[in-house]
Amino acid sequence: MKHAHFDAFAGIAALAFIIPASQAAARSPVSAVSIAEITRTVQGKTCTTKAGAKFYFGAKGQYTYDGLWKNDGHYRIGSGFITVTLHSGLERSFAVTKKSGTFYLEDTALSCADNAAVIG
């Protein structure tokens, strides 16, 4: 019982953070993205993040990442995801969602523009 006041305060503080976060999520619904919509958005384009990382999705499945490090390989699009296979053999699928008109690769907002050249 020594810590009853602290426990009550901690519970109230937790609710103070949870309620606004859930209300924000309710105002901005996340929607699944179809294969066709992902293809139109990324294929043959360079997509950038606010932090300056670049993802190049070539028209024929080639993939290049230039950010904290550089990697390349191939990608394929599925319903709600992009799977990247690096030349090293490492493969990972990334969830693709759309929220308020913006595409997200996992939790990272992307801005995609036409680009005929691979990032170097």
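For the structure, see preceding data.
Rules of the game
- Residues numbered from 1 in each chain as written.
- Predicted model: local features only at pLDDT ≥ 70, side-chain atom pairs only at ≥ 80, totals over all residues.
- Heavy atoms only, no water.
- Phe/Tyr/Trp six-rings, centres within 6.5 Å; stacked < 30°, edge-to-face > 60°.
- Helix = DSSP H or I, 4+ residues; strand = E, 2+ residues; numbered from the N terminus.
- Buried < 20%, exposed > 50% of the residue type's maximum accessible area, 1.4 Å probe, protein only.
- Pairing = 2+ DSSP bridges.

Engineer: I keep staring at the packing of aromatic side chains and nothing clicks. Help me out?
Structural biologist: Each aromatic ring pair is summarised here by two numbers: the centre-to-centre distance and the angle between the ring planes. Summed over all chains, the structure comprises 5 aromatic pairs. Ring plane angle 50° and centroid distance 5.1 Å describe the contact between F55 and Y65, whose orientation is recorded as tilted. Here F55, found in strand β3 (residues 54-57), pairs with Y65, found in strand β4 (residues 62-66); they are 10 residues apart in sequence, far enough to count as distant. This pair shows no difference in class: F55 is buried, exactly as Y65 is. Aromatic pair Y65 and W69: ring centres 5.5 Å apart, planes at 50°, arrangement tilted. An aromatic cluster of three or more residues is present, and its members are F55, F57, Y63, Y65, W69 and Y75.

Engineer: What exactly am I supposed to notice about the pairing of β4 here?
Structural biologist: Every regular strand shows the same layout, with side chains that alternate between the two sheet faces. For β4, the tally of buried residues reaches 4 of 5 residues, placing the bulk of the element in the interior. Of the pairings in the sheet, the one linking β3 to β4 comprises 4 bridges and is antiparallel in character. Bridged to K54 within β4 is D66. Taking the residues that link successive antiparallel strands as the turn, the β3-β4 hairpin has 4 residues, and the phi of G61 there is positive, at about 95°. Relative to strand β5 (residues 70-78), β4 is paired through 5 bridges, and the arrangement is antiparallel. When the bridges of β5 are listed, T64 appears paired with D72. Here β4 folds back onto β5 in antiparallel fashion, the turn holding 3 residues.

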